[in-house]
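# A closer look at the structure
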Amino acid sequence: MQGSIEKRGAVAIAWFDNPPVNAISHEVRQGLMDAINVAVNDDEIKALIIACRGRTFMAGADITEFGSSPKPPGLPEVVMAMSESPILKVAAIFGTTLGGGFETALACDYRIAQAGSKVGLPEVKLGILAGAHGTQRLPRVANVDFALKVMTSGEPVLVEAAQEAGAVDRVTAGDLIEDAVNYAEELIAAAAPRRPIQDMTIDKAKYDEEYFARFRESIARKTRGLNAPERSIRCVEAAVNLPFAESVLVEREMSLESHRDPQAKALQHVFFAERQANKVPGLARDAALRSIDSVAVIGAGTMGGGIAMNFANVGIPVKILEMNDEALEKGLGVIKKNYDATARKGRLSEAEVEKRMALLTGTTDYSELADADLVIEAVFENMDVKKEVFKTLSNTVRPETILASNTSYLNIDELASVVEKPERMLGMHFFSPANVMRLLEIVRAEKTSPDVLATILRLAKAINKVGAVAGVCHGFIGNRMLSGYASQANRLLLEGAAPHQLDQVLYDFGMPMGVIAMADLAGLDIGYRMRQALDETQYDVESAYLYDNLVEMGRLGQKTGAGVYDYDPGDRTPKPSSITKKLLAEAAEKFNIKQREISEEEIIERCFFSLFNVGCNILHEGMAYRASDIDTVYINGYGFPAWRGGPMHWAEHAVGLEKILDRIREFADIYGDKYWQPSPLLEQLVADGGSLRDIQNS
Ligand code: 3HC
Ligand code: NAI
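What you are looking at is a predicted structure, and each value in this text was computed from that prediction instead of being measured.

### Concerning the overall build of the chain
From N to C terminus, the chain includes 28 helices and 17 strands. Here the C-alpha atoms of the chain give a radius of gyration of 28 Å, agreeing with the 26 Å that 2.2 N^0.38 yields for 698 residues. Principal-axis analysis of the C-alpha atoms places the extent of the chain at approximately 90 × 60 × 55 Å. Burial analysis of the chain (698 residues in total) assigns 55% to the buried set. Here the contacts in the chain between residues at least 6 apart in sequence split such that 73% fall between residues at least 24 apart. Within the structure as shown, the chain displays about 30400 Å² of accessible surface, and the carbon and sulfur contribution to it stands at 51%. Of the charged side chains in the chain, 75 are positive and 97 negative; the average position of the first set lies 1 Å away from that of the second.

Structure representation (structure tokens):
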């Protein structure tokens, strides 16, 4: 039963046990109410400890209950009843005490926490705010700086920092419950007063309008497009300026408004999508998985180095194999430089840099990889070179060692054909910079066994990545979709959109940067080299006119100080280029394309409907298990705004499948089937009135 009472003399412990994270479901809310009632009505009880079993104190409201009206009592009601009840209450915090969990702790009079555990108000990540008085209690008990930071970033903080800010009273490295009982006994003995936070006030003079304006400015870049942070700030302003009874009404209004905001639905979709992406259909949750205690990486270039760092960062030793000592030294040198740069910013201690570097060892000899549980290949993007590597690996490492390729496009089935026991082979597609980008696209080859897939999904989580599974197709999920999107962007340039106009529309939509600026950043020579190896039927010659000419002029992008855009020396700001304008006009004339004014709406429709249409094909072909996996890929690998829920969620919920299909058909009439063929899945969903949510591939 939730809130069952254990008595230890004058101290009672109300126990909660709602696996896996003690989310505050209806039963837990009722349990809190009941426990308070029992304690208040029992004369022997002088203090009540709120405690949890399992891996954490309450990690928040139960998100699965969102969307339907909560069964009473609601959490705001519960925390109010708690904080007003005459019994002395102590929260015993451990694990990740988040959202409603932290708010429950803030409704207690005192808080004791396990050293190294975390507290936070991550509601903003779900598009909402800490609406069970968190926005009102935290700035009153801690300080306004701390509260604003915690609420608007949504990032959990160590209890040690929370203690320094005043939100936690005591931190213990010992047995939490024993120490909580001792603490409660001390408080009883000292006749310590109750401390309802709603009675505390804030020194208004310190936090004037200018203070809040500065704070808003300081987070503007990071919170671009998001509505929830601003609502939290308004709540804190109310906490500063109004008595609790009034400011709590502002929180209520903001909270209701945030729950109605489509951003909340989108962000909650993303929360569950990322967790769903981690599951392999048909594989039991408790299936035995392999352990990965040591890793090898082949190739210490741009990707290999970053990939290796991910493992060293979490204490897993990595052996890096290169062609020769020189390449090895160079690669290890770059890794050291990266760590040193992080250390200089104060985000890593010297000792930690040494520890991580000690986990990274180099070799040029395959026999030294015999112990590896997993080998990740990151050599040149060339089928023959990669096949050679896998043949050698197949002959040298243990037969159960998992083999992975970081290829961007190559066929993993073909690579697996040279390997003994191909069921251990798969793609692990990291994104550049591999030690930073959160996405790990896991490519399931025809013979990859489910337990290998699940092992790598679990490993992704262990190295702090978001894993999502793709099937074998050109570009897998992410790069395949990118090609549809980039292709429309290029067509729009030919038809008269200026690169900076197009990029601005994409940026304003919420993308981190426009696709043309991204091409300049990545280097125009990559595509140029790829096209050299193809014949003219295999790429869009009309779009290539601009890029081929730019490359041949030596304008390779940012790295040469000029590409599609011009750049001033030492400045990465893209500037419109008259050369690009001239080349685009030439191309339009040469290929008989009429240039015209292009609207913002058309840019969005053509780029993102195309992206979505490719996504539908990926799903239709079974190259993704679910539409939400595609959202996960595109948000974490390509910066699609999470508050729009990913390209698939956005298309279905913000635009509508029928409207998109109509527009795609119109585009097909104008531009032809070559660019616009409605996905059969989209046609089928519209015909049947179905939803992307119903598609589950195996
Ligand atoms: N409600 C419902 N289910 C939840 C949940 C929640 N608040 N938090 C986690 N879960 C579920 C997950 O969906 C997952 O389910 P699954 O196994 O079926 O996929 C399971 O618990 C385990 O979660 P994780 O895989 O994320 O486990 P981790 O150990 O990696 O992380 C965690 C644990 C840090 C607690 C992480 O789950 C998390 O950040 N949870 C969300 C916390 C949060 O946002 N709290 C605020 C909720 S809103 C709120 O409180 C409103 C209030 O202000 C009124
Ligand atoms: P890179 O050229 O920076 O590094 C490749 C490294 O592999 C070089 O250091 C080279 O010496 C080494 N190498 C080549 N053949 C080898 C062999 N037979 N044995 C051992 N080492 C060998 O290339 P990069 O960018 O790191 O790409 C590697 C792979 O990752 C490619 O398949 C690429 O498509 C993929 N990838 C690249 C991304 C990027 O943004 N650079 C993003 C995602 C994937």
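From this point on, the discussion continues.
### Things to note about empty space enclosed by the protein
Summed over all chains, the structure comprises 1 cavity of 30 Å³ or more. The computed volume of the largest cavity comes to approximately 30 Å³. Forming the walls of the largest cavity are Asn-490, Leu-493, Leu-494, Glu-542, Ser-543, Leu-546, Tyr-547 and Leu-584. For the lining of the largest cavity, the secondary structure elements donating two or more residues are helix H18 (478–494) and helix H22 (541–552). Per-element accounting of the lining of the largest cavity gives the leading share, 4 residues, to H22. Split by residue class, the lining of the largest cavity holds 5 nonpolar, 2 polar and 1 charged.

### Quick notes on the environment of Cys-235
With respect to the helices and strands, Cys-235 occurs in helix H9 (residues 228–241). Placed 106 residues apart in sequence, Cys-235 and Leu-129 show a C-alpha to C-alpha distance of 9.1 Å. If near-sequence neighbours (up to four positions away) are discounted, Cys-235 is found in contact with Leu-129, Thr-135, Gln-136, Val-250, Glu-251 and Met-254.

### Quick word on the site of ligand 2
Lining the immediate surroundings of ligand 2 are 22 residues, of which Met-303, Glu-322, Glu-381, Lys-386 and Ser-408 lie closest. The separation between an oxygen atom of ligand 2 and a polar main-chain atom of Thr-302 is 2.9 Å. In the model, an oxygen atom of ligand 2 is placed 2.5 Å from a nitrogen or oxygen of the Glu-322 side chain. Protein contact buries 76% of the 840 Å² of open area that ligand 2 shows by itself.

### Description of the packing of aromatic side chains
This model, assessed by the stated rule, comprises 16 aromatic pairs. Judged by centre distance (5.4 Å) and plane angle (40°), the rings of Tyr-485 and Phe-608 are tilted. Taken together, the residues span a long stretch of sequence, with Tyr-485 in helix H18 and Phe-608 in helix H24 (residues 600–620) at a distance of 123 residues. Take Tyr-485: its relative accessible area is 2%, and that puts it in the buried class. Exposure remark for Phe-608: the relative accessible area of 1% places this residue in the buried category. Judged by centre distance (4.1 Å) and plane angle (20°), the ring pair of Phe-509 and Phe-608 falls under stacked. Linking Phe-509 in helix H19 (residues 499–509) with Phe-608 in helix H24, this pair joins segments that are 99 residues apart in sequence. We classify Phe-509 as buried; its relative accessible area is 4%.

### What about a nonpolar patch on the surface?
Taken together, the side chains of Met-323, Phe-380 and Val-385 present a nonpolar region at the surface, about 340 Å² in accessible area. By relative accessible area, Phe-380 is classed as exposed at 57%.

### Observations concerning the side chain of Arg-231
With respect to the helices, strands and loops of the structure, Arg-231 is situated in helix H9. What Arg-231 contacts, discounting residues up to four positions off in sequence, is Leu-129, Met-254, Glu-257, Ser-258 and Asp-261.

### Observations regarding the site of ligand 1
Surveying the vicinity of ligand 1 reveals 27 residues, the closest of which are Arg-55, Glu-103, Glu-123, Lys-279 and Arg-285. Here an oxygen atom of ligand 1 and a side-chain polar atom of Arg-55 are 2.6 Å apart. At 2.8 Å from an oxygen atom of ligand 1 is found a main-chain nitrogen or oxygen belonging to Ala-61. Within the complex, 78% of the 990 Å² of free accessible area of ligand 1 lies under protein. Put simply, the parts of the chain that give the shell around ligand 1 at least two residues each are strand E5 (96–98), helix H3 (100–106) and helix H11 (262–276). If you tally residues by element for the shell around ligand 1, the top one is H11, at 3 residues. By residue class, the composition of the shell around ligand 1 is 14 nonpolar, 5 polar and 8 charged.

### Overview of the domain arrangement of the chain
The domain boundaries assigned to the chain delineate domain 1 (2–260), domain 2 (295–470), domain 3 (497–590) and domain 4 (600–622 + 626–694). Distance from the C-alpha centre of domain 1 to the C-alpha centre of domain 2: 42 Å.

### Re the packing of H24 against helix H28 (residues 680–688)
Running from amino to carboxyl end, H24 crosses H28 at an angle of 90°, the nearest separation of the two axes being 7 Å. Viewed along their axes, H24 and H28 adopt a mutual orientation that is roughly perpendicular. Residue-level contacts link Phe-612, Asn-613, Cys-616, Asn-617, Leu-619 and His-620 of H24 to Pro-680, Leu-681 and Leu-682 of H28. Tallied by class, the residues present in the contact of H24 with H28 amount to 6 nonpolar, 3 polar and no charged.

So, how was this worked out
Residues numbered from 1 in each chain as written. Chains lettered and ligands numbered in written order. Predicted model: local features only at pLDDT ≥ 70, side-chain atom pairs only at ≥ 80, totals over all residues. Heavy atoms only, no water. Helix = DSSP H or I, 4+ residues; strand = E, 2+ residues; numbered from the N terminus. Rg over C-alpha atoms; globule rule 2.2 N^0.38 Å. Buried < 20%, exposed > 50% of the residue type's maximum accessible area, 1.4 Å probe, protein only. Contact = heavy atoms within 4.5 Å. Areas by Shrake-Rupley, 256 points an atom, 1.4 Å probe, with all protein chains shown as cover. Lys, Arg positive; Asp, Glu negative; His and termini not counted. Charge placed at Lys NZ, Arg CZ, Asp CG, Glu CD. 1 Å grid on protein atoms, 1.4 Å probe; cavity = no way out; pocket = protein on both sides within 12 Å on 5 of 7 lines; lining within 4 Å. Points joined across faces, edges and corners; volume = space filled by probe spheres on them. Nonpolar A, V, L, I, M, F, W, Y, C, P; charged D, E, K, R; others polar. Near = heavy atom within 4 Å. Polar contact = N/O pair within 3.5 Å; in protein donor to acceptor, adjacent residues only side chain to side chain. Phe/Tyr/Trp six-rings, centres within 6.5 Å; stacked < 30°, edge-to-face > 60°. Patch = residues over 30% accessible without salt bridge, like charges linked within 9 Å, V, L, I, M, F, W, Y side chains within 5 Å. Salt bridge = Lys/Arg side-chain N within 4 Å of Asp/Glu carboxyl O. Domains from an automatic or database assignment. Axes fitted to C-alpha atoms, helices over the stretch in contact; angles between N-to-C directions. Parallel < 35°, antiparallel > 145°, perpendicular 65-115°, else oblique.

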